[in-house]
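Here is what each chain is made of, one letter per residue.
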Amino acid sequence: MDYLIRRNDLRDCLWTEGAVTELGEGMARLRVEAFALTANNVTYASFGEAMKYWDFFPAADPAYGRVPVWGFATVIESTTPGVEVGARVYGYLPISDTFDVKPARVGKESFMDGAAHRQGLAPIYNTYIVTAADPTYDAAFEAQQMLFRPLFTTGWMIDDCLMETGDAVPETVVISSASSKTALALAHCLKLRGGVDAVALTSPGNVDFVESTGLYARTQTYDQVDTMHARGLTAFVDFLGRPALTADVHNALRDRLVRSLVIGVTDWEGNRAPIQLPDPQPEFFFVPTYAAERAKVLGPDVLNQKLGSALMSFYRASDAFITPQHDSGMEAIDAAWHDTVNGKVSPATGLILSF
């Protein structure tokens, strides 16, 4: 069973039953065990064409797509040496009960999907990590891994980009869509670093939640941006994707603003027509590209050690403000997708779904 989403209307969805074919040589079939669903997946769908997110798991009908999610899967058939039946992996999955991959670069710790349609796509999305050999896996935090691992990686990389690279290190970081899970990850990293004020921008309905996390120095609603003040040099990290807000932030902070990063579009239905802005001009932050550059500078082992240590600290900290909510079945998955698209999921809830 495959969950299909119309590319030009994210609310038009359906389940289809695909034919089960004999597994070819050098292939593996995986059963999807569980996955997280967050606003990040809506961003994948919103940028599906521009960033090729629809290309990872093509649908037979090109009008529809299979949006990627992060979760756990188990190998149920394999004709590839080194990829054993029963192996459990973490990685990029379709919302389907099973899917096939063509394992490449097979090792004890991981393998990649070397299928032709995934060539040229970011390696970070094509890698499947074997749970039994994953140093950051903890059975007690499986839900947190599905919810936060890719989002935390984004947050950590943003923190690293702002604080370790560039000509001007900010003393204040203004974060839109501050209740989103990636924003919380960034705020956590900034708090661990110390000496940096994280300022939350959020909607009135999320103020209490944002303040309850204890991750931000202060919280402001979107309609208060014109009165915003900041300590010292300031960076703006935009998860909302609303150009009018970006313009308001740039105009309010003026000479104090030294970096402006665009990450996602939680406001996926908003008007994204560009607006003339005072400098600095917004930079689009793409994690796979930045991570590859930092791995060259720091070395992959050092980078993974730093990231893994911070990740485990966030798993533990998130218990205080995010509660995983488990549900199963096709109806539940469909309802969860529509609730996420329509912004009806509480920021204090983490959706964990299974078939």
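Heads up: the structure comes first, above all this text.
Notes on the structure in this doc start here. Sequence order as written defines the numbering, with residues in each chain counted from 1. It should be noted that, the model being predicted, local features are given only for residues of pLDDT at least 70 and side-chain atom pairs only at 80 or more, the latter also being counted only at that level, while totals for whole chains, interfaces and linings use all residues. Only hydrogens and water are set aside when side-chain values are computed; all heavy atoms of the structure are taken into account.

Brief notes about the overall build of the chain
The cut-off we apply is this: Secondary structure follows DSSP: runs of H or I at least 4 residues long count as helices, runs of E at least 2 residues long count as strands, and numbering of each begins at the N terminus. Only the C-alpha atoms count toward the radius of gyration. The rule for a globule is 2.2 Å times the residue count to the power 0.38. Only protein chains enter the accessibility calculation, which uses a 1.4 Å probe; a residue is then buried when its area is under 20% of its type maximum, exposed when over 50%, and partly exposed in between.
Of regular secondary structure, the chain possesses nine helices and 18 strands. Against the compact-globule benchmark of 20 Å for 355 residues, the chain has a radius of gyration of 20 Å, which places it among compact chains. Here the C-alpha coordinates of the chain stretch approximately 65 × 45 × 35 Å along the principal axes. In the chain, which comprises 355 residues, the share counted as buried stands at 54%.

Quick look at the sheet that holds strand β2 (residues 9–16)
Definition in use: Paired strands are those between which DSSP finds at least two bridges.
What the three strands build is an open sheet, ordered β2-β1-β4; its pairing is antiparallel. A single partner strand is all that each edge strand has here, and the edge strands are β2 and β4 (64–65). In this structure, strand β1 (residues 2–6) lies alongside β4, joined through two bridges in antiparallel fashion. The residue of β4 that forms the bridge with R6 is Y64.

Topic: empty space enclosed by the protein
Just so we agree on the cut-off: Two kinds of site are reported from a 1 Å grid over the protein atoms alone, namely cavities, where a 1.4 Å probe fits but cannot get out, and pockets, open sets with protein on both sides within 12 Å along at least five of seven lines, and residues are called lining when an atom falls within 4 Å of a point. Grid points are joined across faces, edges and corners, and a volume is the space filled by probe spheres set on the points. Gly is put with the polar residues, along with every residue not named as nonpolar or charged; the nonpolar set is Ala, Val, Leu, Ile, Met, Phe, Trp, Tyr, Cys and Pro, and the charged set is Asp, Glu, Lys and Arg.
Using the criterion set out here, one finds one cavity of 30 Å³ or more in the structure. Space inside the largest cavity adds up to approximately 50 Å³. Together, A36, T38, N40, N41, W70, M146, L147, P150 and L151 line the largest cavity. Only α1 (39–46) and α3 (142–164) provide two or more residues apiece to the lining of the largest cavity. In terms of residues, the lining of the largest cavity owes the most to one element, α3, which gives four residues. In the lining of the largest cavity, the residues fall into six nonpolar, three polar and no charged.

Considering the packing of α3 against helix α8 (residues 300–318)
We count it as follows: Axes, fitted as lines to C-alpha atoms, cover a helix only where it is in contact. Angles between the N-to-C directions of the axes lie from 0 to 180 degrees. For this classification, under 35 degrees means roughly parallel, over 145 means roughly antiparallel, 65 to 115 means roughly perpendicular, and everything else is oblique. Each crossing gets its handedness from the near helix: less than a right angle anticlockwise from the far helix is left-handed, clockwise is right-handed. Only heavy atoms enter the contact rule, under which two residues are in contact if any of them lie within 4.5 Å.
Packing of α3 against α8 brings their axes to within 10 Å, and their N-to-C directions diverge by 125°. Viewed along their axes, α3 and α8 adopt a mutual orientation that is oblique. Between α3 and α8 lies a crossing whose hand is right-handed. Facing α3, whose interface residues are Q144, Q145, F148, R149, F152, T153, W156 and M157, α8 presents L303, K306, L307, A310, L311, F314, Y315 and S318. Residues of the contact of α3 with α8, tallied by class, amount to ten nonpolar, four polar and two charged.

A few points about the pairing of strand β5 (residues 68–78)
A large share of β5 lies buried, amounting to eight of its eleven residues. Where strand β3 (residues 28–37) and β5 come together, eight bridges link them in antiparallel fashion. Paired with R29 across the strands is E77, a residue of β5. Taken together, the seven bridges between β5 and strand β6 (residues 88–94) define a ladder with antiparallel strand orientation. Its bridge partner lying in β6, F72 is registered against Y90.

Re the packing of aromatic side chains
What counts is decided by this rule: Each Phe, Tyr or Trp ring, with Trp reduced to its six-membered ring, pairs with another whose centre is within 6.5 Å; inter-plane angles below 30 degrees give stacked pairs, above 60 give edge-to-face pairs, and intermediate values give tilted ones.
Scanning the model with the defined rule gives 24 aromatic pairs in all. Arranged with centres 6.4 Å apart and planes meeting at 50°, the rings of F57 and Y92 form a pair that is tilted. You can see F57 sitting in the loop between α1 and β4 and its partner Y92 sitting in strand β6, a full 35 residues away along the chain. For the pair F57 and Y92, one class covers both residues: buried. The interplanar angle of 15° and the centroid separation of 4.7 Å between the aromatic rings of Y92 and Y125 together place this pair among those described as stacked. In this pair, Y92 is assigned in strand β6 and Y125 in helix α2 (residues 123–126), connecting sequence segments 33 residues apart. A relative accessible area of 0% places Y92 in the buried class.

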